Amino acid sequence: MVHASCVAVAGCGLLITGASGAGKSALALEMMALGACLVSDDRVSLGATQQGILADAPDTIRGLIEARGLGLLQAETVGPVRLTHVLDLDRPEPQRLPEFREIFLLRHSLPLLFRPDVPHLAASLIQLLKAGRAAPEALFP
């Protein structure tokens, strides 16, 4: 069990990590407004399989997401889903075209992203989950 939020797009799960108040739920809500599906908010249950890491909601909070100033909102959920990326909201991304990073969770390697300071973060993450990421060399051969 980890303190995080998780959303899914096209069967690909994004684990959103960060300190309390970092904006995990707010980002998840923005992504949901653009078509992502909620897996879990506040706590995410992780389990390792041969194919990767599966993320799901604990039964006690399944279908709930916090909206600061409004309270707990009900939401349709999906899960379990296979995690494909981890976003760390506590660490800013200083690079325009960042290097590929990885994090090891439950003996599996996943791409690790830091928080870019851009207004289109939710839309960019949805596109990433839909289609993946190209190497910077694709733009600058």
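Notes on the structure follow. (Residues numbered from 1 in each chain as written. Predicted model: local features only at pLDDT ≥ 70, side-chain atom pairs only at ≥ 80, totals over all residues. Heavy atoms only, no water.)

**What to know about the overall build of the protein**
The test is simple: Helix numbering and strand numbering both begin at the N terminus, where a helix is a DSSP run of H or I of at least 4 residues and a strand a DSSP run of E of at least 2. Atoms counted for the radius of gyration: C-alpha only. Globule rule: 2.2 Å times residue count to the power 0.38. Burial classes follow relative accessibility: with a 1.4 Å probe on protein chains only, a residue under 20% of its type's maximum area counts as buried, one over 50% as exposed, and anything between as partly exposed. By definition in these notes, contact holds between two residues if any of their heavy atoms fall within 4.5 Å.
Across its full length, the protein carries 2 helices and 11 strands. For the protein, the succession of helices and strands along the chain, N to C, is β-β-β-α-β-β-β-β-β-β-β-β-α. Taking 141 residues into account, the globule formula puts the C-alpha radius of gyration at 14 Å, and the protein, at 15 Å, falls close to it. Principal axes of the C-alpha set define a box for the protein whose edges measure 50 × 35 × 25 Å. Here the protein holds 141 residues, and 41% of them are scored as buried. At a minimum sequence separation of 6, the contacts of the protein that also span at least 24 residues come to 65%.

**Section: the nonpolar core**
Looking at soluble globular proteins, one finds that nonpolar side chains tend to be buried together. Spelled out, the test is: Residue types Ala, Val, Leu, Ile, Met, Phe, Trp, Tyr and Cys, when buried and joined through side-chain atoms within 4.5 Å, form a set referred to as a nonpolar core.
Among the nonpolar cores identified, the biggest contains 21 residues, and Val7, Leu14, Ile16, Leu27, Met31, Leu87 and Leu125 are the most heavily contacted of them. Sorting the residues of this core by element identifies strand E2 (5-9), strand E3 (12-17), helix H1 (24-33), strand E9 (81-92) and helix H2 (121-131) as the ones contributing at least two each. Per element, the largest residue contribution to this core is 6 residues, and it comes from H2. Residues contacting Leu27, with those up to four places away along its chain left out, are Ile16, Leu87, Leu89, Leu121, Ala122 and Leu125. Residues Leu15, Val44, Leu46 and Leu83 belong to the second largest nonpolar core, which totals 16 residues.

**Some details on unusual backbone geometry**
With the exception of glycine, most residues fall at negative phi, and the peptide bonds are largely trans. Going from Gly79 to Pro80, the amide bond is cis rather than trans, its omega being 0 degrees. Inspection of the secondary structure puts Pro80 in the loop between strand E8 (71-74) and E9. Positive phi, normally seen in glycine, also occurs at Ala10, with a value near 55 degrees. Among the secondary structure elements, Ala10 is positioned in the loop between E2 and E3.

**A word on the pattern of salt bridges**
Definition in use: Salt bridges are identified by distance alone: a Lys or Arg side-chain nitrogen within 4 Å of an Asp or Glu carboxyl oxygen.
In this structure the tally under the stated criterion is 4 salt bridges. Among the ionic pairs, Asp59 bridges to Arg62, the shortest N-O distance being 3.2 Å. Here Arg101 ties to Glu93 by a salt bridge, and the two come within 2.6 Å at their closest N and O atoms. Taken individually, Arg101 and Glu93 each receive the classification buried, so the pair is uniform in this respect. What you see here is one network of salt bridges that share partners, running through Asp56, Asp59 and Arg62.

**Overview of the environment of Arg115**
With respect to the element layout, Arg115 can be found in strand E11 (residues 108-115). With 27 residues separating them along the chain, Arg115 and Asp88 place their C-alpha atoms 6.3 Å apart. When sequence neighbours within four positions are dropped, the list of residues in contact with Arg115 reads Leu87, Asp88, Leu89, Arg91, Pro92 and Glu93.

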